[in-house]
Amino acid sequence: MTKVELTDKNIHNSLMRFSLPLLFISALDFFVVFIDLIWLMTLTEYEGLAAVLKVSISTVVLVESLFAGILGAIYIFANQYYGKGDMDKVRHLLSIGFGYCIALGVVVAFLGSYMGDYLIGLFRISELQADMTSRYLSIFWYGYIVVLLHIYTGLIIKMSGDTKLMVQLKVLAFAINLLITPLFIYVAITLQYDPIKAAALSTVVSRFISFAISLYKIHSSKLFSFPLGLSIVPKRKLVAWKKILQVGISESFNSLSLSLSFFLFFIVVSFYQSHILETVVIAQYITGFFQTLLLGAMGALIPFVSQNAGQRSHVNVRLGVAWMVKRAFIVGIVCMIPIVLLAGHLAGLLTNNQEIISHVQLYVAVTAIPWVCLLASFAYIFAVIGLADSRGILWMTLWSMYLSTLIPLLLVQYLVGDDTLHVALAMAGSYVATFIGCWLYYYLSFERKSSLWSSPQQQQLTVQEQNI
């Protein structure tokens, strides 16, 4: 078993060994979204499938964001108690997590079945695309419990630090989904059943198989010193549920804001000249793959910070966050150099309009380096989440998703101009502002408070700290 001890004093080694597998896992998560799309495009003659799958995912995320924050909070506190070594509380929280997954799945299925068509109507898609989206979700809503349980078992394995098992199960889940999807669609076409529903069903079935295998591996490998259970009733005297609820509400607001701010962003961008929206969308497709991968790797900070917070190790948290920020800058710059150089060629894969391609090249050139600041700011966001700082989560959500993003776009459009250069400068400014605001909160609330948890001996600089 390849297990990484996230509370180990060798912070560099621990974070590197933990984040690199997450980088690979993020790549698979990025591509797994396209499995249904690719096979439907290959085996059927439907048009507009890209929009159908995009709207389907966005609709589910919008519904689940209302409640998923509580599950995130349970996971964060389970990590803190895991780092502290309090396995009774870890076992209780993980058991409650399974119960909440089932409850959340039922709620999402109920709301989705009654509100799904209304939510789909909020998107500007054709009537035919809306009908296909409704058919896809008619299966997915009721299978969401399985999807959620699959995600939750993945989080549990991540908490244990077993990177080998994480990668093995993720590759297996990807392979199962890749193989059974064309089978389901082909059989559906042969039996004159709806292939759109068959694709959704294949996703649910593949997640169920992966979930069952994950549970078996967790049990057979004795990943924890206790068996996993299922519980619905919280033990109030065992865990501080009021604090968990506060963090859960903040996390739900964060999740909901991710969808809402995305919607508002494109509304504001539509105020610019007509070509700007297409330019920004293509530029985001170009950088999206790298951003997904890097944020997946940086997500290692959440269990790392949580477990070290459980041990009240201020030094470890501070050094780990600083290490991740520096690596985010280095890796981000390395990624952006080829993106700037190849922006025109990459844009050419998505459009034949030479004028749009030239606008994309200009936009990417202006925003490339500031985008690295945005990437690095997520280290502070993940750190605050790992610390279970509900006030910090609310502040960083408001700042990064609303204030520092929308205000520069509005000010530049009304006071300066509305062409490609202007929107690029506005976005560059918003990226830098996001980083400054997130760093400032983290610095004032945690980093400078070296005596928050640590003893005088722990506050002394170590050789590792000097070399970070």
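The present account deals with the structure reproduced in this document. Note that this is a predicted model, so its numbers are computed, not measured.

The rules behind the values
Residues numbered from 1 in each chain as written. Predicted model: local features only at pLDDT ≥ 70, side-chain atom pairs only at ≥ 80, totals over all residues. Heavy atoms only, no water. Helix = DSSP H or I, 4+ residues; strand = E, 2+ residues; numbered from the N terminus. Rg over C-alpha atoms; globule rule 2.2 N^0.38 Å. Buried < 20%, exposed > 50% of the residue type's maximum accessible area, 1.4 Å probe, protein only. Contact = heavy atoms within 4.5 Å. Lys, Arg positive; Asp, Glu negative; His and termini not counted. Charge placed at Lys NZ, Arg CZ, Asp CG, Glu CD. Core = buried A, V, L, I, M, F, W, Y, C linked by side-chain atoms within 4.5 Å. Polar contact = N/O pair within 3.5 Å; in protein donor to acceptor, adjacent residues only side chain to side chain. Salt bridge = Lys/Arg side-chain N within 4 Å of Asp/Glu carboxyl O. Expected span 1.5 Å × (residues − 1). Bend = angle between axes of the 7 residues up to and from the residue. Phe/Tyr/Trp six-rings, centres within 6.5 Å; stacked < 30°, edge-to-face > 60°. Axes fitted to C-alpha atoms, helices over the stretch in contact; angles between N-to-C directions. Parallel < 35°, antiparallel > 145°, perpendicular 65-115°, else oblique. Nonpolar A, V, L, I, M, F, W, Y, C, P; charged D, E, K, R; others polar.

**Some words on the overall build of the protein chain**
Along the backbone of the protein chain there are 16 helices and 0 strands. In terms of C-alpha radius of gyration, the protein chain reaches 23 Å, essentially the compact-globule figure of 23 Å for 468 residues. Principal-axis analysis of the C-alpha atoms gives the protein chain an extent of 65 × 55 × 35 Å. Relative to its 468 residues, the protein chain shows a buried fraction of 53%. Considering only contacts within the protein chain whose residues lie at least 6 apart along the sequence, 84% involve residues at least 24 apart. Of note, the protein chain has its 28 positive side-chain charges centred 17 Å away from the centre of its 22 negative side-chain charges.

**A word on the nonpolar core**
For soluble globular proteins, the rule of thumb is that nonpolar side chains tend to be buried together. Counting residues in hydrophobic clusters, the biggest one holds 137 residues, and the most contacted among them are Leu93, Val321 and Leu409. The contacts of Val321, once residues within four sequence positions are left out, are Leu301, Val305, Ala379, Tyr380, Ala383 and Tyr442.

**Examining the side chain of Thr434**
Assignment of secondary structure puts Thr434 in helix 15 (residues 420-447). From its side chain, Thr434 meets the backbone oxygen of Ser430 in a polar contact 2.8 Å long. With sequence-adjacent residues up to four places away left out, Thr434 is seen in contact with Leu374, Ser377, Trp399, Ser400 and Ser404.

**A look at the pattern of salt bridges**
A full pass over the atoms with the stated rule returns 4 salt bridges. A salt bridge links Asp131 to Arg135, with the shortest nitrogen-to-oxygen separation between them at 2.9 Å. On the criterion of helical spacing, the pair formed by Asp131 and Arg135 is a turn pair, its members being 4 residues apart in helix 6 (residues 127-160). In this structure Asp131 comes out as partly exposed when scored by relative accessible area, which is 38%. A cluster of three or more residues bridged by salt bridges with shared partners is formed by Asp131, Arg135 and Asp194.

**Some thoughts on helix 13 (residues 354-386)**
Between its first and last C-alpha atoms helix 13 spans 45 Å; for 33 residues at 1.5 Å apiece the expected length is 48 Å, and the two agree. The largest bend along helix 13 reaches roughly 50° and is located at Ala368, with the proline Pro370 sitting one to four residues downstream. For helix 13, the buried fraction is high: 24 of the 33 residues fall into the buried class. Between the side-chain oxygen of the N-cap and the backbone nitrogen of Glu355 there are 2.9 Å, and the N-cap of helix 13 in question is Asn353. Where helix 13 terminates, the next one or two residues include Ala388, which has phi positive at roughly 60°.

**Observations regarding the side chain of Asn316**
Relative to the elements of secondary structure, Asn316 occurs in helix 12 (residues 314-348). You can call Asn316 buried: its relative accessible area is 3%. A polar contact of 2.8 Å, which involves the side chain of Asn316, links it to the side chain of Asn308. Aside from chain neighbours lying at most four places away, what touches Asn316 is Thr7, Asp8, Lys9, Ile11, Phe304 and Asn308.

**Side note on the packing of aromatic side chains**
Enumeration over the complete set of coordinates arrives at 15 aromatic pairs. Ring centres 6.5 Å apart and planes at 50° place the aromatic pair Phe140 and Tyr144 in the tilted group. Placement of both Phe140 and Tyr144 in helix 6 is noted, with a separation of 4 residues, approximately one turn of the helix. On the basis of relative accessibility, which here comes to 12%, the residue Phe140 falls in the buried class. Judged by its relative accessible area of 2%, Tyr144 is buried. With 5.4 Å between their ring centres and 20° between their planes, Phe224 and Phe226 make a pair best called stacked. Comparing Phe224 with Phe226, the two get one shared label, buried. Clustering of aromatic rings is evident, with ring pairs tying together Phe329, Tyr380, Phe435, Tyr442 and Phe446.

**Brief notes about the environment of Val366**
Relative to the helices and strands, Val366 is located in helix 13. Sequence separation between Val366 and Leu425 is 59 residues; the distance between their C-alpha atoms is 6.8 Å.

**Details of the packing of helix 9 (residues 241-269) against helix 14 (residues 390-415)**
At their nearest, the axes of helix 9 and helix 14 sit 8 Å apart, and the two run at 10° to each other. On the basis of the axis angle, helix 9 is roughly parallel to helix 14. Classifying every residue of the contact of helix 9 with helix 14 by side-chain character gives 16 nonpolar, 8 polar and 2 charged.

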